[in-house]
Amino acid sequence: MARDWHQIDRFLMGEAWAGSRIPEYRDHLCHEIGERWGGGEGDQQAAMFIRQEMEGNGLESARIEEFKLDTWEYSSATAVVLESGESLEIKPFLRCPPIDMTAPVVDLGWGTPREIEAADGRIRGAIVVMSLGPEPFTPPLPHTARLELAARNGAVAAIVIESKTGGRMEYRSANDWRSPGIAPHPLPTVNISFEAAGRLKYHAARGRAVRLRVESRFFDAPANNVIAEIPGDQWSDEHVIVAGHHDTVFGTPGGNDNTSGTVAVMEAARVLAALKRETGVGPGRSIRFATWSGEEQGLQGAYAYVARHHGKNGLKSPPRFALNLDELSTGHMKGVVVMTEHMRSFMQGQLDTMSDSLQCHVQGPLDAHSDHFPFVRAAIPAGILWRWRFSGRHATSEFHHESGDSAEKLNVRELKEYVGQICRLMLRLSHVPPEQWPDNPHTADEMERRAAAEIGTHTPTFHG
Ligand SMILES: [Zn+2]
């Protein structure tokens with residue numbers, strides 16, 4: 001039977017808009033629950049809420065999949081200048097080990113190889129202070145690579161200077177997430193505000209020492225992914241998946257990161273279930289919906305899911321395509337970024353049927369910053385939505401991984417449009433016959449080698 005895409009699109013866009021439950025879901029996740037650090041109480045509550053809502057919206061298959069999260073928390077962090085007694089506000093990087101050390105502070109500037117070489121002899125046994133951002137006008141070296149270099153030269157801890165001003169500090173990672181597993185910090189690393197760093201450098205120039213203390217602990221905690229699907233009625237043994245993480249970093253309800261993507265998954269599930277219920281039009285192959293925990297702690301939820309369902313080599317009944325939704329309130333939707341070239345013209349062809357001038361691009365070097373990466377690593381075709389993430393984005397979305405990423409940062413009207421477009425795209429993908437999909441030329445071994453080769457290099461995702 002020929003499908004009437006005009007009628008289907010009208011239903012999907014209309015229901016995504018007029019039937020939207022975005023404000024209600026946003027309020028529950030951001031205000032009722034709030035912070036959702038993976039493995040913590042809010043994270044558990046969120047998973048239960050998402051499962052329950054999906055079930056209430058007609059997805060009877062909605063279920064929780066528990067996994068063991070390798071997690072961490074900190075209780076205090078202080079940096080006190082020995083000679084003056086001044087206490088400078090700091091924030092540990094994610095998974096900073098517990099430390100209590102007193103050492104001289106050495107200013108490394110940008111922390112470039114050149115500056116580290118110039119400071120030779122002074123670095124050993126010292127706490128180094130360096131900028132988060134790379135040195136301007138030179139090929140950018142990620143801060144993770146510069147931390148490695150400082151550690152190799154004998155530094156005992158690093159204080160990294162936040163690029164944002166006004167006393168703000170993001171939670172950040174000291175490790176390159178292209179590395180396999182969860183690596184320890186190259187050296188204990190904390191963040192300091194742009195302004196407090198000025199004070200610290202003043203003291204460093206006078207040869208003063210700092211007592212650096214972080215109280216933290218590592219432990220395992222159960223964490224929950226949420227999975228549901230609408231079964232396909234033509235190729236029910238095949239599926240496509242749309243997912244996003246429901247956890248946040250400490251101290252924020254994560255309006256943009258990633259209440260936006262979580263709510264989009266919930267809404268897409270609701271709208272597509274309503275389409276089937278009210279018009280009889282369902283997916284061709286199954287559409288699976290998932291929200292992950294543990295994204296902010298090394299993408300652990302998505303890794304656990306891929307290992308469990310598809311195996312490390314990704315060969316066990318992989319999805320035809322995995323779409324990852326993260327930070328959908330940075331700006332409007334421009335298209336899709338696929339992670340491998342072989343998907344480009346196929347995806348562009350699908351977007352063209354939507355007549356919204358949406359573009360497909362291909363991620364060059366691998367991007368390990370979000371939950372598509374565990375799929376990519378297993379050579380499963382994956383993508384993210386191309387949105388105004390880094391240039392041309394909304395000023396309100398500057399509040400990333402900090403308390404300012406509040407419920408107000410979720411742009412309701414834009415998210416309604418995202419939901420409608422995600423439904424249109426996923427339903428189309430569900431109806432493309434198996435023989436029309438491009439062959440996947442990639443293997444998990446090849447992706448692993450690529451990831452290993454790219455460790456320490458700059459990822460050009462921060463443009464466009
Ligand atoms: Zn995120």
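Look above for the structure.
What you see is a predicted model, and the numbers here were worked out from it, not measured in a lab. (Residues numbered from 1 in each chain as written. Predicted model: local features only at pLDDT ≥ 70, side-chain atom pairs only at ≥ 80, totals over all residues. Heavy atoms only, no water.)

Caption draft 1: Broad picture of unusual backbone geometry. The amide bond that connects Asp257 to the next residue, Asn258, takes the cis arrangement and shows omega of 5°. On the secondary structure map, Asn258 appears in helix α7 (residues 255–279). One non-glycine residue, Ser357, adopts positive backbone phi at about 55°. (Helix = DSSP H or I, 4+ residues; strand = E, 2+ residues; numbered from the N terminus.)

Caption draft 2: Seen up close, the coordination of the zinc ion. For the zinc ion, every protein donor is listed as His245 (NE2), Asp257 (OD), Asp326 (OD) and Asp326 (OD), and the spread of their distances is 1.9 to 2.6 Å. Viewed at the metal, the four donor atoms of the zinc ion are separated by angles of 53 to 147°, and the geometry they form is irregular. Sequence spacing of the donor residues for the zinc ion, all on one chain, is H-x11-D-x68-D. One end of the pair, Asp257, is in helix α7; the other, Asp326, is in the loop between β11 (322–324) and β12 (333–338), and 69 residues separate them in sequence. Grouping residues by exposure puts Asp257 and Asp326 together as buried. (Donors = N, O, S within 2.8 Å, 3.2 Å for Na, K, Ca; no water. Tetrahedral: all angles 85-135°; square planar, octahedral: opposite > 155°, others 65-115°. Buried < 20%, exposed > 50% of the residue type's maximum accessible area, 1.4 Å probe, protein only.)

Caption draft 3: How the structure looks around the nonpolar core. In this structure, Met54, Phe289, Phe321, Met347 and Ile422 are the most contacted members of the largest nonpolar core, which totals 62 residues. Excluding anything up to four places from it in sequence, Phe289 contacts Met54, Leu59, Val226, Ile227, Ala228, Glu229, Ile230, Val242, Val265, Ala268, Ala269 and Leu272. Trp37, Trp72, Tyr171 and Leu212 belong to the second largest nonpolar core, which has 30 residues in total. (Core = buried A, V, L, I, M, F, W, Y, C linked by side-chain atoms within 4.5 Å. Contact = heavy atoms within 4.5 Å.)

Caption draft 4: Looking closely at helix α12 (residues 444–454). Taken together, the buried positions of α12 are Ala444, Met447, Ala451 and Glu454. The buried side chains of α12 occupy one side of the element, clustering within an arc of 95° when seen end-on. For α12, the exposed residues lying more than 90 degrees away from the buried face are Asp445, Arg449 and Ala453. Here the buried face of α12 lies against α10 (373–377). Looking at the residues trailing α12, positive phi occurs at Gly456, about 85°. (Arc of directions from axis to C-beta.)

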